[in-house]
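Fold and contact review
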Amino acid sequence: MCLLPLRPRVIRLIRMPARPVDAGRRTCSARALSPAVTRKDYILRQREEHGRRALAVLPVHYPKELLTAFGVLAVELWGPPGPPRGEGAGRLQTYVCALARNALAFLASGGAAPVGGVLFPHTCDTIQGLATLVSDLGEFDKPVLTFLHPKGPPRASAHTFLLAELRSLAEELAEFTGRALEPERVREALRLHQDIDTHRALLLDARRRLPLSDRELYEVLRRGEWLWPEDHLAELRAVSASLHAEPVQKGVPLLVTGYVPEPADLLEALGRAGAYLVADDYAAVGRRLVRSEEWFDSEADPFRLLARRYFLAPPCPTRSADPGERMRHLTGLFERSGARGVLVHLLKFCEPELFDLPWLRSTFAARGVPLLFIEGELEASLSAREVTRIEAFVEMLS
Amino acid sequence: MKALAIGVDVGSTTFKAVVLDGAGHVIAYRVEPADPRIEPQVDRLLDELQSVAPGAPIGATGYGRKRVRSGRPLTEITCHARGAFAHVREGGVLLDMGGQDTKVIRFGMDGRVEDFAMNDKCAAGTGRFLEVILARLGVPLANVLYETLSAGKAVSISSTCTVFAESEVVSLIASGEPVAGIVRGLHQALASRVASLFHSGRHPGGRVLMSGGVALNAAMVAALEERLGRTMEVLPQPQLVGAIGAALTVLPSAAGDIPEQGCGPP
Amino acid sequence: MNLRRAQYELAGRLVGPLVLALESWQRRLARRPRSSRPGPFGPPLQATRKLKELMSLHYYQGRFAQGAVPVAWVTSGFPVEILRPLGFHAFYPENHAAICGVQRLVPPLSDAAEAEGYSRDLCSYARTDLGSLLAHRTPVGRIPRPDLLACCTNICQTVLYWYRALASHLKVPLVLVDAPYVYRSARPHLVSYVKEQLEELVQVAEGISGRRVEPEALVEVTARAKEGTRLWGECLAQGRHRPAPWTGIDGFFHMAPIVSLRGTESCNAYYRLLRDELVDRVRQGIGGLVEERHRLLWDNLPIWFWVRELSALLAGRGFNFVCTSYTNAWAEAGARIDPADPIGSAAQAYTHILLNQDLANRLAILGRLSRDYAVEGAVLHSDRSCKPYSVGQIDLKERLARELGIRVLLLEADHSDPRAFSAEQGESRLTAFMESFG
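Just so you know, these numbers come straight off a predicted model, no measurement behind them. (Residues numbered from 1 in each chain as written. Chains lettered and ligands numbered in written order. Predicted model: local features only at pLDDT ≥ 70, side-chain atom pairs only at ≥ 80, totals over all residues.)

**Let's talk about the overall build of chain C**
The condition is simple: We count a stretch as a helix when DSSP gives it H or I for four or more residues in a row; a strand needs E for two or more, and each element gets its number in order from the N terminus. Atoms considered for the radius of gyration are the C-alpha atoms alone. The globule rule reads 2.2 Å times the number of residues to the power 0.38. To sort residues by exposure, count the other C-beta atoms lying within 10 Å of each residue's C-beta; 20 or more gives buried, 12 or fewer gives exposed, and values between give partly exposed, all with C-beta atoms placed from the backbone. By the convention adopted here, residues are in contact when the distance between their C-beta atoms, placed from the backbone, does not exceed 7 Å.
The helix and strand inventory of chain C stands at 18 helices and 8 strands. A compact globule built from 438 residues would reach a C-alpha radius of gyration of about 22 Å, and chain C, at 21 Å, matches this within 12%. Counting only C-alpha atoms, chain C reaches 65 × 60 × 50 Å along its principal axes. Of all 438 residues assigned to chain C, the portion counted as buried reaches 55%. Expressed as a percentage of contacts within chain C between residues at least 6 apart in sequence, the contacts between residues at least 24 apart total 80%.

Encoded structure:
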């Protein structure tokens, strides 16, 4: 294994004197840009000032590094939350997950105006259907790209296929941007995204020592869904500068597994009830975090490196990871983090997640670890009933 | 001066409140339909109860628990477990069936909650299901036990949705099915859904207790016993269990036995 | 092992047919005299009796398969031709789940699955199958335990999760053929991915069966499978005539052999028999309905627990489903199959089945069927359990109505769980739809 010739690490653990906890007040300036800049403005500015075209991307797994290498701004669509609005609202049946329904309504009502196209990974039956719906029946006038990632165990045939899909996507991105593929830019992008993952891992693993509320932390983490990677890295660095030497979080620590932390007031409800998230297995966050740097090889073809990074991400049902492997990952995460309970935050009708439920239940029940199931449909806010469940769970663990 | 405590359960359908003495006996109680505007009702009833128990600490639970002045809010899960435990003094499972939600709560030998599950999204698994359809059938709740006992055979209701079930029942009546059989079928359908909720947790042995307004419906208790294959013990004053639990959490002494006979209002 | 093998063969060739003949004779004795009240349906198909025998025999033989021959549980879209030369007995959980659906057994079976933690929001076929396994309950006597689970994602990705759950409960190897979705046209690397997996499949299946795949045997089975789909297509094509000689609901039942017995001679022999009878009925002008007034297309799976009621409701007003996208899919599946290149052509054929291709393709097929079969209306079953089939239907409905000028109804139901359907509402929607034809 060769040493990674990364840029010098800027992150150092700053030994600060222990400060009284006031999780409500941010102790650093985490934002790289003024909070007044909306996502839409940001996208437009990236285009004007940096010549970066934006691509809307549906969840979950896609080669973001490749988009970065082409100077394409990825704008992930995890919703938006709230009831689907506009003409597109009724085009998907009510038994289709809210993510697809909301995304379709959003795209159909002009939400895609600032972006140049949409990318659909092969996440599940619904997103696969959404891609063809938008592309073939949607009268959508922008390019629709697809990324078919392999399902099942990482066999040789899956590797071969993934490489071919990556190359195919690269060709489409070349056409989309009018730029040729530059292998060195792919390598740079790979290193940049590894840096980002390393920082995110640092923040999540050192959660106890971070004087931020869950809402504040996740706000920063989730800005990575649409910020240009370098801007996101700058914000992550700023946050990690606020790390304390000793634990500062006082609430009941929980592991969360699920799709996406929406509605955001779930995080506030947890805080008010006296709990916080100490370990993360959200598809939007923890499940796309590559901790290991063993994929790197200065000799290897950049597409091989992309493929290696893809297979190194934590187990996720949308990549049809083996449930046994997934349970081992989760129990390991649970034990290392010192969590006391597990919050299973489900998106209603999400089949990949739902099929793993029996495993989750029996794995954690065998360890005597309580689980709380919150099932939502990406509502704009949490109902009083869900708040009661959270409070009861925290009362149970206190 | 005997230690006293007030417990308030501000539900979305009914408002329940109790005054407990130091030994945990109910010395006063109130049950009335809930006013959606919460505070005026809370204030009025607290005034009344505080005349019996001036200066007593207040424990609050239920949907409106955070709107109770100087009340210590705890969720109805914790309070129902506490109230049930006070009665049995051992671990068990409580099935609470209210007007708008159904809860299954497992508590341990110390009265602490070990696991819970709630159905509050779909009316079909709650008392509301029976209420709506019995009203449509024109069968008052008081007659329900008679109807189900006199039914030869239950008429199966397959719809899982209250609205669908209502139209299904209308069709069944139109095609001449006996009301008694339908009433029995409705109870079985509800018992089946409650059973799913019950089995979503693991409750192998121990006592199964019942609370909530629906526990007063003997036909429902029987249907549940049949479906779950367990004996259902209906707690005395089943609607007050949550309020009692809330009061117990603020009662200065550690006691909490509830005597066999219920106590009436002052 | 040899004894069991002998029992298996005997069950299929001798005992099974005898048992069925006996049961049939007993039924004839017990039967009440047929009522002389005329109904809307034409005379029943003679072939149906043979169909029942064929499928009953398959399930009967299945009772003796365990330990006698290698057993595979297979998804409907799996290239089963590759397993047949190795002597596998193929069991189709989807077909079994359909039987459970017809017999209204899904609620208790699903309850067993739900008690284990499987959500009711999952596909009802999966819940039925897992529930049947967990509750040890089935209407087909005895289901042989598999030595191999064979799953192809060309019909949906749900089967992947479902079969993985089966593999975990049964502790047997799972072979996955991941067939990625075809947007526009399949890129070469997609087809070669599937082909590579088929080659891996051969190795695994050979290992389990203890035999090698004989190339000639594979060619033969492939040719039979292709011929089977062609024959099935001929049967379906008779529906183009006026009146159609059978109903669309008949089609759903007679589809069983091409799914579960594809590649066998008994499957092809059956379809020749059926085709001949249908051709004969066309010649004589005998219709599936006594009076065919309106011709319809059905999209998506059937509502298994409501097929007879649906059929009667429509037939009563002279409406017939003369074509369905689902039955038609099996006729078209064989187009790319080539006995000269069994594995390569299987990769092409099984990647391109209906549900694995985009909505533009689906719309084109629905349009073609509507024109070829001269339909005046369509019912799109919005199947709660089947996302690949149901996503996009709202748009398809609008496009079909606009481009073909036909009336289209979107009917919300489920293919096998009666708890997700209100018969009262379904009936009133269909009745209103029929009334709109004037």
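**Notes on the overall build of chain A**
A tally of regular secondary structure across chain A gives 14 helices and 8 strands. Taken over the C-alpha trace, chain A has a radius of gyration of 21 Å; the compact-globule value for 398 residues is 21 Å, and the two agree within 12%. Each of the three principal axes of chain A carries a C-alpha extent, and together these read 55 × 50 × 45 Å.

**Re the interface of chain B and chain C**
Listed per partner, the contact involves 9 residues of chain B and 8 residues of chain C. Secondary-structure elements contributing two or more residues to the side of chain B that touches chain C are α5 (162-174) and α6 (179-199) of chain B. Counting residues per element, the side of chain B that touches chain C draws most heavily on α5 of chain B, at 4 residues.

**Considerations on helix α4 (residues 125-137) of chain A**
An α-helical turn contains 3.6 residues, so any two residues separated by three or four positions project in the same direction. All names here are of chain A. Heads up, the rule is: To estimate how far a helix should reach, multiply one less than its number of residues by 1.5 Å.
Helix length check: α4 (13 residues) gives 17 Å between terminal C-alpha atoms against 18 Å at 1.5 Å per residue, within 8%. The buried count for α4 comes to 13 of 13 residues, which makes it a mostly enclosed element. At the C-terminal side of α4, E139 shows a positive phi close to 50 degrees.

**Overview of the pairing of strand β3 (residues 117-121) of chain A**
All names here are of chain A. Put simply, the test is: In short, DSSP must find at least two bridges between two strands for them to pair.
Burial analysis of β3 places 5 of its 5 residues in the buried class, which makes it a mostly covered element. Alternating positions in β3 separate into two faces, G117, L119 and P121 on one and V118 and F120 on the other, with burial throughout. In this sheet, β3 lies alongside strand β1 (residues 54-57) in parallel orientation, the contact comprising 3 bridges. Each residue of the ladder has a partner; that of A56, found in β3, is V118. The pairing of β3 with strand β4 (residues 144-147) spans 4 bridges and is parallel. In the strand pairing of β4, P121 is matched with F147.

**Here we look at the interface of chain A and chain C**
Going by this rule: Note on residue classes: Ala, Val, Leu, Ile, Met, Phe, Trp, Tyr, Cys and Pro are nonpolar, Asp, Glu, Lys and Arg are charged, and everything else, Gly too, is polar.
Listed by partner, the interface residues are 40 residues for chain A and 39 residues for chain C. Broken down by secondary-structure element, the contributors of at least two residues to the side of chain A that touches chain C are α4, α5 (156-177), α12 (351-355) and α13 (357-366) of chain A. It is α4 of chain A that provides the largest number of residues to the side of chain A that touches chain C, a total of 11 residues. Here the residues of the side of chain A that touches chain C sort into 19 nonpolar, 14 polar and 7 charged.

**Things to note about helix α8 (residues 229-240) of chain A**
With 12 residues, α8 of chain A should cover 16 Å at 1.5 Å per step; its first-to-last C-alpha distance of 16 Å lies within 8% of that length. Looking at the buried side of α8 of chain A, the elements it contacts are α6 (183-205) and α7 (214-223) of chain A.

**Topic: the pairing of strand β4 (residues 174-177) of chain C**
All names here are of chain C. What counts, and what does not: Here, the term right-handed applies to a crossover whose path from the first strand over the helix to the second runs clockwise when the strands point away from the viewer.
Here β4 shows two buried faces, one formed by L174 and L176 and the other by V175 and V177. Pairing between strand β3 (residues 148-152) and β4: 4 bridges, direction parallel. If you follow A150 over to β4, its bridge partner there is V175. In this fold, β3 hands off to helix α6 (residues 158-170), which returns the chain to β4; that crossover is right-handed.

**Quick look at the sheet that holds strand β5 (residues 252-258) of chain A**
All names here are of chain A. Short version of the rule: Every axis corresponds to a line fitted to the C-alpha atoms, with the helix fit spanning only the stretch in contact, and the corresponding angles, defined between N-to-C directions, vary from 0 to 180 degrees.
One open sheet accounts for 4 strands, arranged β6-β5-β7-β8; its pairing is parallel. Every other strand in the sheet has two partners, leaving β6 (275-282) and β8 (371-376) as the edge strands with one partner each. Strand-to-strand twist in this sheet, taken as the mean axis angle between neighbours without regard to direction, amounts to 25 degrees. In this structure, β5 lies alongside strand β7 (residues 341-347), joined through 5 bridges in parallel fashion. Paired with L254 across the bridge in β7 is G341.

**So, the sheet that holds strand β6 (residues 319-324) of chain C**
Residues and elements named next belong to chain C. Read across the open sheet, the 4 strands follow the order β6-β5-β7-β8; overall the sheet is parallel. Only two strands of the sheet have a single neighbouring strand rather than two, namely β6 and β8 (407-413). The sheet shows a mean angle of 30 degrees between the axes of neighbouring strands, direction not considered. Sheet topology places strand β7 (residues 377-383) next to β8; 7 bridges connect them, and they run parallel. Across the sheet, G377 pairs through a bridge with R407, a residue of β8. Its contacts with the sheet place helix α15 (residues 359-372) against β5 (294-299), β6 and β7, and it is angled at close to 160 degrees to β5. Of the strands in this sheet, β7 and β8 touch helix α17 (residues 393-404), which is tilted by about 160 degrees from β8.

**Observations concerning the nonpolar core**
Note the cut-off: We define a nonpolar core as a collection of buried residues of the types Ala, Val, Leu, Ile, Met, Phe, Trp, Tyr and Cys that are connected via C-beta atoms lying within 7 Å of each other.
Core analysis: the largest hydrophobic core is formed by 344 residues, its most contacted members being L55 and L130 of chain A together with V18 of chain B. The residues contacting L130 of chain A, other than those within four sequence positions of it, are L58, A100, A103, L104 and F120 of chain A together with V391 of chain C.

**As for unusual backbone geometry**
Working note: non-glycine residues mostly have negative phi, and peptide bonds are mostly trans. Note the cis peptide between G79 of chain A and P80 of chain A, where omega equals 5 degrees. Within the secondary structure, P80 of chain A is located in the loop between β2 (73-76) and α3 (98-111). Of the consecutive residues E262 of chain A and P263 of chain A, the connecting peptide bond is found in the cis state with omega at 0 degrees. On the secondary structure map, P263 of chain A appears in the loop between β5 and α9 (265-273). In the Ramachandran plot, R104 of chain C falls in the positive-phi region, its phi being about 55 degrees despite a non-glycine side chain. Assignment of secondary structure puts R104 of chain C in the loop between α3 (93-102) and α4 (106-115). Residues other than glycine seldom take positive phi values, yet K171 of chain C does so here, at roughly 55 degrees. Positionally, K171 of chain C belongs in the loop between α6 and β4.

**Topic: the packing of helix α3 (residues 127-137) of chain B against α6 of chain B**
Residue and element names in this part refer to chain B. Heads up, the rule is: In this scheme, roughly parallel covers angles under 35 degrees and roughly antiparallel covers those over 145, while 65 to 115 is roughly perpendicular and the rest are oblique.
Interaxial distance between α3 and α6 falls to 11 Å at its minimum, and their mutual angle equals 170 degrees. In terms of orientation, α3 and α6 fall into the roughly antiparallel class. Contacts from F129, L130, I133 and L137 in α3 reach V179, I182, L186 and L190 in α6. The class makeup of the residues in the contact of α3 with α6 is 8 nonpolar, no polar and no charged.

**Digging into the confidence of the model for chain C**
Put simply, the rule reads: pLDDT gives the predictor's per-residue confidence on a scale running from 0 to 100.
Mean pLDDT over chain C: 94, with 98% of residues reaching 70 or higher. Reported for the predicted complex are a pTM of 0.89 and an ipTM of 0.93.

**Focus on the environment of R89 of chain B**
Relative to the elements of secondary structure, R89 of chain B occurs in the loop between α2 (76-88) and β6 (92-97). C-alpha separation for the pair R89 of chain B and D115 of chain B, spaced 26 residues apart in sequence, amounts to 18 Å.

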